[in-house]
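Breakdown of the fold
So you can see what is in the structure, the chains are spelled out below.
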Amino acid sequence: MRVEISGPFLEIYNVTLQLDKYIWDEWYVEGVSLTIKNVGDCPAYISSIYVYSDQDYDYESFDTIVVPQGQEKYVSIDGLMVDLGKSGTYSVRVVIYLGSMSFNYTTQVTVPP
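Quick caveat, the model's predicted, so the values are computed rather than measured. (Residues numbered from 1 in each chain as written. Predicted model: local features only at pLDDT ≥ 70, side-chain atom pairs only at ≥ 80, totals over all residues. Heavy atoms only, no water.)

**Quick notes on the overall build of the chain**
Tallying secondary structure elements over the chain gives zero helices and seven strands in all. Moving toward the C terminus, one meets the helices and strands of the chain in the order β-β-β-β-β-β-β. For the chain, the spread of C-alpha atoms along the three principal axes comes to 65 × 25 × 20 Å. Across the chain, contacts joining residues at least 24 apart in sequence account for 62% of those joining residues at least 6 apart. A total accessible area of about 6,500 Å² is found for the chain, and carbon and sulfur atoms account for 47% of it. Between the mean site of the 6 positive side-chain charges and the mean site of the 15 negative ones, the chain shows a separation of 6 Å. (Helix = DSSP H or I, 4+ residues; strand = E, 2+ residues; numbered from the N terminus. Contact = heavy atoms within 4.5 Å. Areas by Shrake-Rupley, 256 points an atom, 1.4 Å probe, with all protein chains shown as cover. Lys, Arg positive; Asp, Glu negative; His and termini not counted. Charge placed at Lys NZ, Arg CZ, Asp CG, Glu CD.)

**Points about the nonpolar core**
Counting residues in each nonpolar core, the largest one holds 28 residues, and the members touching the most others are V32, I46 and I96. Of all the secondary-structure elements, those providing two or more residues to this core are β1 (10–21), β2 (27–38), β3 (44–52), β4 (57–67), β5 (72–85), β6 (88–98) and β7 (101–111). If we skip the residues at most four places from it in the chain, I46 touches L10, I36, F62, T64, I65, V67, I96, Y97 and L98. (Core = buried A, V, L, I, M, F, W, Y, C linked by side-chain atoms within 4.5 Å. Buried < 20%, exposed > 50% of the residue type's maximum accessible area, 1.4 Å probe, protein only.)

**Brief notes about the sheet that holds β1**
Sheet architecture is open: three strands sit in the order β1-β2-β5, paired in antiparallel fashion. Both outer strands of the open sheet, β1 and β5, are each paired with one neighbouring strand and no more. Taken over all neighbouring pairs, the strand axes of this sheet differ in orientation by 20° on average, direction set aside. The sheet contact formed by β2 and β5 spans ten bridges and is antiparallel. Paired with Y28 across the two strands is D83, which belongs to β5. (Pairing = 2+ DSSP bridges. Axes fitted to C-alpha atoms, helices over the stretch in contact; angles between N-to-C directions.)

**What to know about unusual backbone geometry**
A negative phi angle is the norm for most residues apart from glycine, just as the trans form is the norm for most peptide bonds. The backbone of N14 shows a phi angle near 55°, a positive value even though the residue is not glycine. Assignment of secondary structure puts N14 in strand β1. For D25, which is not glycine, the phi dihedral falls at a positive 65°. Under the relative-accessibility criterion, D25 is labelled partly exposed at 44%.

**Observations concerning a nonpolar patch on the surface**
A surface patch of nonpolar side chains, about 440 Å² in accessible area, is lined by M1, V3 and I5. We classify M1 as exposed; its relative accessible area is 99%. (Patch = residues over 30% accessible without salt bridge, like charges linked within 9 Å, V, L, I, M, F, W, Y side chains within 5 Å. Salt bridge = Lys/Arg side-chain N within 4 Å of Asp/Glu carboxyl O.)

**Looking at the sheet that holds β7**
The antiparallel open sheet is built from four strands, whose spatial order is β4-β3-β6-β7. Both outer strands of the open sheet, β4 and β7, are each paired with one neighbouring strand and no more. Averaged over all neighbouring strand pairs, the angle between strand axes comes to 20°, with direction disregarded. Two strands pair when backbone bridges link them, and β3 and β4 are joined in this way by eight bridges, in the antiparallel orientation.

This is how it looks when you write it as structure tokens:
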């Protein structure tokens, strides 16, 4: 009997960015919440989640978040400091790392003056 496993494959959706403003009127990403669904054929073991902007990044490492095959998990991270800048539109990328694999979600965020 031969068994082939392709591995985990993550869908990322319901991404919400929590923004805050420094006292010098520049914005940053303070937190992110998202839903992760594993549509692959084996469990996903998440080791870290990074949040990147055009000029900065921050991350949260975990002991391990397990997302079983065919299931989804809600994840919320607070305490980030990912600089955006003054008013404008910025690209923000969320990257979920599973050791040697990663999955990306990119969105645009517009911050007011």
